[in-house]
Amino acid sequence: MGRYLLGRLLTAIPTLLIIATLAFVLLHAAPGGPFDSDRQLVPQIQHSIEARYHLDEPVWRQFVRYLANLARGDLGPSFQYRNTSVNELIAQGLPVDAAIGLTAILFALLVGGAAGLFAATRPGSRADRAAMSLAMLGISVPVFVTAPLLMLVFAIRLHWLPAGDWVAGSWRHLLLPSLALALPYCAYIARIVRAAAIEALHQPYIRTANAKGLPAYLILCRHASRATLMPLVSFLGPALAGLLTGSIVVEQVFGLPGIGRLFVVGALNRDYTVVTGITVLYGALIIVFNLLVDLCYAWLDPRIRSRV
Amino acid sequence: MSASPPMLLQARSLTVGYQSAGRELLALDAVDLDLAEHECLGVVGESGSGKSQLLLALLGLSGGAARIAGSIRYRGEELVGAGTERLAALRGRRIAMVFQHALSALNPHLNLGTQLMEGARYHLHLGRRAARARASELLATVQISDVARRLRQYPHELSGGMRQRVLIAMALMCDPEVLLLDEPTTALDVTVQAQVLQLLRTLRERTGVASIFVTHDLAALAPMADRIAVMYAGRIVEQAPVRDLYAMPGHPYTAGLLRSLPRLDTPIPERLPAIPGQPPDLAALPTGCAFAPRCPLVFEPCAERPALRERGTAHQAACHLDGAAARKIREAWP
Amino acid sequence: MSANQPAGSLWAHSWRRLRASAGTRYAALLLGLIIAAAVTVPWLSPYDYSTPVWTQIFAAPSLHGGRLFGTDALGRDLLVRVMWGCRISLLVGIAASLVSVFIGVLWGATAGYLGGRIDGVLMRIVDVLYCVPFIPLVIVLEVLFGRNFLLVFVAIGAVSWLDIARMVRGQTLSIRAEEYVEAALALGVRTPTMIWRHVLPNLIGLVAVYATLTIPSVILFEAVLSFLGLGVHEPLASLGSLLAEGFIEMQAHPALLIFPALFLAAIILCFNQLGDALRDALDPRQELP
């Protein structure tokens with residue numbers, strides 16, 4: 001197991017390196033400099049700014065400095081917010097995304113999982129078909145359609161909930177964004193759990209369990225659960241990573257001060273360090289999630305454990 | 001049917017039908033069966049003869065799509081139509097089944113200990129330690145060594161023969177009265193087959209459990225079974241005590257099966273005699289005797305379906321041939 | 001021909017199954033109607049999608065003035081703009097998907113067919129690319145290199161080929177392992193012929209399914225970009241950019257949000273339904289009717 005982990009980490013590092021290099025190359029390949037939009041500056045001030053951001057050094061040196069900083073976890077200074085580092089900006093925005101993302105995925109797992117299991121235990125029934133039609137709708141209607149609509153209905157017309165903004169610790173501000181984000185995942189999870197549970201229940205070893213006279217709850221919970229969980233776990237890995245990018249839209253719509261918003265604002269204002277820094281962060285998170293998924297897999301299926 | 005030992009299992013006119021492409025196929029067609037205590041009944045037939053379906057039907061595991069008719073009585077209690085709870089209480093506890101492919105019959109995600117113990121823990125309310133002790137005892141009985149380690153292992157870590165023995169141990173956990181064995185040795189190597197068969201005989205002597213042993217290999221049943229039922233196209237075509245069946249088969253199909261067994265005590269023929277024709281297509285059975293298309297002794301009455309007739313003590317065959325049948329069959333198929 | 005004969009009956013069964021589902025028929029019908037409308041309405045309508053009409057801004061939807069969906073902030077007819085939005089979204093979606101499918105099939109089939117180290121390298125690259133956060137990256141590219149439509153297009157296509165490549169590789173590996181392929185190789189059939197006659201026909205089904213399922217996710221991706229202001233240029237409209245406009249005005253004029261939303265959801269829904277149905281229909285494990 002330890003060797004497996006080591007092997008995965010070893011592949012993770014070059015991947016991260018590639019992403020970081022891509023980000024750096026793009027940063028420096030962009031036409032114009034980061035400060036072009038400002039007024040024309042007096043040469044001395046121009047020079048001092050460039051020196052401050054190390055833009056006067058040869059490119060390869062900047063690259064080494066960039067990598068060294070990355071290794072320390074330092075994503076560099078923001079170009080927009082002159083006295084703040086990207087790390088600080090991220091530290092401010094991350095809790096918002098974490099709160100919304102976690103709430104969303106919990107909701108999606110609970111509701112979607114229950115719906116999927118419900119449908120799986122009565123396949124072909126009207127309840128099953130109704131649930132799956134709803135799920136089809138859920139995966140087809142994009143977040144940036146549901147989010148504005150939710151806002152329109154609940155905040156603007158009904159005035160039940162606030163129409164955006166963020167107040168730390170306030171569940172009312174958490175509700176609509178989490179719900180909007182959760183809906184497609186809820187639908188995906190329902191479909192996956194249903195298919196996985198049906199597949200699991202068709203396995204020959206379920207017939208053995210039946211022949212032993214075991215009750216339904218034991219068969220579901222002990223025998224069918226692992227086989228059902230595996231496709232779900234497979235899905236959750238990339239899904240959790242996608243939750244990050246999906247929240248870009250939600251933050252935009254609800255005006256939340258999260259990382260996605262930071263990213264888009266940075267993109268529109270050409271704050272390159274913020275943009276590439278967050279990209280590297282996303283990349284690292286995706287790698288971590290994928291690794292966690294693989295570990296879960298090995299834990300769930302002893303046959304994979306042996307091979308590993 | 002009168003019997004001095006009490007009937008453990010008794011099936012009458014047991015019929016199992018499935019819908020396929022708009023018609024109903026009968027996997028089992030009016031099967032009558034008796035199993036006494038401590039008895040070993042062998043059931044032999046080709047693929048598609050319904051022998052596996054028979055075992056599943058006895059446990060009520062034919063599946064939701066099956067139409068079940070007829071009666072199955074366990075110690076007089078009617079099982080057809082009994083609620084799931086009643087059936088579940090019997091399964092594993094009084095009537096236990098050993099499936100054919102041990103690798104797929106065992107859950108790959110759970111260790112052997114869990115799978116062995118769960119039946120006893122649920123049915124007999126044994127605590128974990130008691131259940132483990134029983135599992136260890138049974139593993140030793142089926143001649144598996146290093147028991148403590150095995151209990152922690154997973155199915156894929158064992159060899160095929162060992163897995164089959166684990167299945168047998170698992171079936172015996174709650175000390176059932178009836179053991180249903182669905183081709184327990186078919187998927188194994190020949191040498192391992194012999195070991196498992198020997199094991200089953202020993203177990204039977206020690207525990208006195210009654211069993212129904214389904215196989216396509218007539219030779220395997222010789223040292224095992226008290227009686228043998230021969231199935232063809234979902235019907236029982238012959239039933240007899242084992243010696244009588246081998247000595248004087250009353251049905252041409254049985255004779256054909258016997259004839260095709262390779263033997264060491266007679267000169268080796270150039271070609272193994274086989275039954276001509278193809279196994280029956282359940283969707284296209286002839287009206288009348290199902291074996292007629294392949295039978296060397298087919299004659300006029302065969303257009304009508306034969307009922308089981310007496311051929312000797314406790315020996316029935318579903319064939320229109322009269323009392324001299326055995327002789328005629330032997331002449332047709334030496 | 002071994003590749004054709006079993007495929008023939010499989011296709012016949014699949015077609016039958018496909019037609020049997022009511023949901024699929026409705027989806028196909030709806031999609032057909034939307035496409036027909038997107039093609040004909042702008043052509044038939046007296047209104048132009050880009051010319052501002054300052055006297056008629058924010059007109060409410062009504063049957064009378066011919067302003068079926070109303071007008072937007074610049075007085076442009078919403079119906080025509082939504083139809084144009086459908087055109088762009090569908091065009092980008094289908095074209096970018098084709099790019100995806102093309103790259104993915106080539107990549108996956110090569111990896112699966114050649115096997116060994118080449119397979120290892122190709123798939124390792126796919127694994128690495130999987131870890132790259134695409135939406136941010138595309139946004140980065142856009143920001144840095146301007147809103148070049150071609151760039152958007154290729155970038156969108158480049159996102160989806162990874163899944164297809166994996167699927168195709170898996171399928172190719174199974175085909176490759178089939179006995180008739182071994183037999184053909186033993187007879188000396190050459191590689192291009194092998195791929196053309198044996199591998200590709202067996203891939204068509206899978207590719208059709210994934211192509212149909214890629215289209216909605218590509219349309220979605222393009223819509224996200226447009227919604228964030230990084231997609232199509234004014235005055236061209238895609239459904240995503242229309243949604244962005246509608247979002248700004250939604251408090252006072254919800255129609256500007258609702259109509260594009262309906263059409264986008266409908267298009268994605270139909271493609272998802274069709275892709276799903278196609279996948280179920282081609283699944284050999286399903287019982288035959």
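Caption draft 1: Representation of the overall build of chain A within the structure. Helix and strand counts for chain A stand at 12 helices and zero strands. In chain A, which comprises 308 residues, the proportion classed as buried is 41%. In chain A, the proportion of contacts linking residues at least 24 apart, taken out of those at least 6 apart, comes to 75%.

Caption draft 2: Fine view of the overall build of chain B. When you go through chain B residue by residue, the secondary structure sums to 12 helices and 12 strands. Taking 20 Å as the expected radius of gyration for a compact globule of 334 residues, we find that chain B reaches 21 Å, a close match to that expectation. Expressed as lengths along the three principal axes of its C-alpha atoms, the size of chain B is roughly 65 × 50 × 45 Å. Across the 334 residues of chain B, 45% fall into the buried class. Once local pairs closer than 6 in sequence are excluded, the contacts in chain B between residues at least 24 apart make up 66%.

Caption draft 3: Structural context of helix 8 (residues 204-211) of chain A. When we look at burial in helix 8 of chain A, the residues that qualify are Tyr205, Thr208, Ala209, Asn210 and Ala211 of chain A. Backbone geometry just downstream of helix 8 of chain A places Gly213 of chain A in the positive-phi region, at approximately 75°.

Caption draft 4: Highlighting unusual backbone geometry. Not every positive phi belongs to a glycine, and Glu183 of chain B is a case in point at roughly 45°. The backbone of Ala233 of chain B shows a phi angle near 55°, a positive value even though the residue is not glycine.

Caption draft 5: Region of interest: helix 10 (residues 259-268) of chain A. Residue and element names in this part refer to chain A. With eight of its 10 residues buried, helix 10 lies for the most part within the structure. Turning to helix 10, its buried residues are Ile259, Gly260, Arg261, Leu262, Phe263, Val264, Gly266 and Ala267. The positive-phi residue at the C-terminal boundary of helix 10 is Arg270, with phi of around 55°.

Caption draft 6: Seen up close, the sheet that holds strand 9 (residues 227-232) of chain B. Residues and elements named next belong to chain B. Read across the open sheet, the eight strands follow the order 6-7-8-3-9-10-12-11; overall the sheet is mixed. Edge positions in the sheet fall to strand 6 (95-98) and strand 11 (309-312), since each has one partner strand and no second. Here the strands of the sheet are splayed against their neighbours by 20° on average, with no regard to which way each runs. Bridge count for strand 3 (residues 40-44) against strand 8 (residues 210-215) is five bridges, and the pairing is parallel.

Caption draft 7: View of the sheet that holds strand 5 (residues 77-78) of chain B. Residue and element names in this part refer to chain B. Read from one edge to the other, the open sheet built from four strands follows the order 2-1-4-5, with strand pairing classed as antiparallel. Of all the strands in the sheet, just strand 2 (23-36) and strand 5 have a single pairing partner and so form its edges. Looking at chain direction, strand 1 (residues 7-20) and strand 2 are connected through 10 bridges and run antiparallel. Within strand 2, the position partnered with Gln19 by the bridge is Glu24.

Caption draft 8: How the structure looks around the environment of Arg122 of chain A. Tracing the sequence through the fold places Arg122 of chain A in the loop between helix 4 (86-120) and helix 5 (126-140). Spatially, the C-alpha atom of Arg122 of chain A lies 59 Å from that of Phe63 of chain A, the residues being 59 residues apart in sequence.

Caption draft 9: Representation of the interface of chain B and chain A in the model. With 22 residues of chain B in contact, the opposing surface of chain A contributes 19 residues. Elements with a minimum of two residues in the side of chain B that touches chain A: helix 2 (84-90), helix 3 (102-105) and helix 4 (112-123) of chain B. For the side of chain B that touches chain A, the element with the highest residue contribution is helix 4 of chain B, accounting for four residues.

Caption draft 10: Molecular detail of the interface of chain C and chain A. Each side of the interface is counted separately: chain C has 30 residues, and chain A has 35 residues. Sorting the residues of the side of chain C that touches chain A by element identifies helix 5 (134-145), helix 8 (191-227), helix 9 (239-249) and helix 10 (255-282) of chain C as the ones contributing at least two each. A per-class count over the side of chain C that touches chain A returns 27 nonpolar, three polar and no charged.

Caption draft 11: Quick peek at the arrangement of the chains. The protein chains that touch form two pairs of chains, and the pair with the most contacts between them is chains A and C. Separating chain B from chain C is a minimum C-alpha gap of 7 Å, and the two share no contact.

Caption draft 12: Seen up close, the confidence of the model for chain B. In the predicted model, chain B carries a mean pLDDT of 87, and 97% of its residues have values of at least 70. What the predictor reports for the complex is a pTM of 0.79 with an ipTM of 0.85.

Caption draft 13: Broad picture of the packing of helix 4 of chain B against helix 7 (residues 160-172) of chain B. Residues and elements named next belong to chain B. Contact geometry of helix 4 with helix 7 gives a least axis separation of 8 Å together with a crossing angle of 25°. The orientation of helix 4 relative to helix 7 falls into the category roughly parallel. Facing helix 4, whose interface residues are Leu112, Gln115, Leu116 and Gly119, helix 7 presents Val166, Ala169 and Met170.

Caption draft 14: Examining the environment of Gln19 of chain B more closely. Residues and elements named next belong to chain B. When you line up the elements, Gln19 lands in strand 1. Residue class for Gln19 comes out exposed when judged on the 11 C-beta atoms lying within 10 Å of it. Along the primary structure Gln19 and Ala65 are separated by 46 residues, whereas in three dimensions their C-alpha atoms are 7.5 Å apart. Aside from chain neighbours lying at most four places away, what touches Gln19 is Glu24 and Ala65.

Caption draft 15: Structural context of the pairing of strand 7 (residues 178-182) of chain B. Residue and element names in this part refer to chain B. When you tally the buried positions in strand 7, you get five out of five residues, the bulk of the element. The alternating pattern of strand 7 places Val178, Leu180 and Asp182 on one face and Leu179 and Leu181 on the opposite face, and all of these are buried. In terms of strand pairing, strand 6 meets strand 7 through four bridges, oriented parallel. Note on strand 7: the bridge partner recorded for Met97 is Leu180. Where strand 7 lies against strand 8, five bridges are found, and the strand directions are parallel. Note that in strand 8 the partner of Leu179 across the bridge is Ser211.

Caption draft 16: Here's a closer look at the nonpolar core. Counting residues in each nonpolar core, the largest one holds 154 residues, and the members touching the most others are Val224 and Leu243 of chain C. Here this core takes 18 residues from helix 7 (residues 171-201) of chain A, the largest share from any one element. Apart from residues lying up to four places away in sequence, Val224 of chain C is in contact with Phe144 and Val249 of chain A together with Ile135 and Gly240 of chain C. Ranked by size, the runner-up nonpolar core spans 98 residues in total, among them Ala57, Leu172, Ile228 and Ile236 of chain B.

Caption draft 17: Focus on the confidence of the model for chain A. Taken over all residues, the pLDDT of chain A has a mean of 81, while the share at 70 or more is 90%. Per-residue pLDDT, averaged within each element of chain A, yields its smallest value for helix 2 (residues 43-52) of chain A (71) and its largest for helix 8 of chain A (93).

Caption draft 18: Examining the pairing of strand 4 (residues 66-74) of chain B more closely. Residue and element names in this part refer to chain B. Sheet topology note: the strand 1/strand 4 ladder contains eight bridges and is antiparallel. In the strand pairing of strand 4, Ala11 is matched with Ile72. Inspection of the sheet shows strand 4 paired to strand 5 by two bridges, in the antiparallel sense. Across the sheet, the residue bridging to Arg73 is Glu78, located in strand 5. If you look at the hairpin formed by strand 4 and strand 5, you'll find two residues sitting between the two strands, and Arg75 has a positive phi there, around 50°.

Caption draft 19: Just the environment of Leu213 of chain C, in detail. Residues and elements named next belong to chain C. Looking at the secondary structure, you find Leu213 in helix 8. Note on Leu213: 20 C-beta atoms within 10 Å, which makes it buried. Taking the C-alpha atoms as reference points, Leu213 and Asp276, separated by 63 residues in sequence, lie 7.6 Å from one another.

Thresholds applied
- Residues numbered from 1 in each chain as written.
- Chains lettered and ligands numbered in written order.
- Predicted model: local features only at pLDDT ≥ 70, side-chain atom pairs only at ≥ 80, totals over all residues.
- Helix = DSSP H or I, 4+ residues; strand = E, 2+ residues; numbered from the N terminus.
- Buried ≥ 20, exposed ≤ 12 C-beta atoms within 10 Å, placed from the backbone.
- Contact = placed C-beta atoms within 7 Å.
- Rg over C-alpha atoms; globule rule 2.2 N^0.38 Å.
- Pairing = 2+ DSSP bridges.
- Axes fitted to C-alpha atoms, helices over the stretch in contact; angles between N-to-C directions.
- Nonpolar A, V, L, I, M, F, W, Y, C, P; charged D, E, K, R; others polar.
- pLDDT = per-residue confidence, 0-100.
- Parallel < 35°, antiparallel > 145°, perpendicular 65-115°, else oblique.
- Core = buried A, V, L, I, M, F, W, Y, C linked by C-beta atoms within 7 Å.

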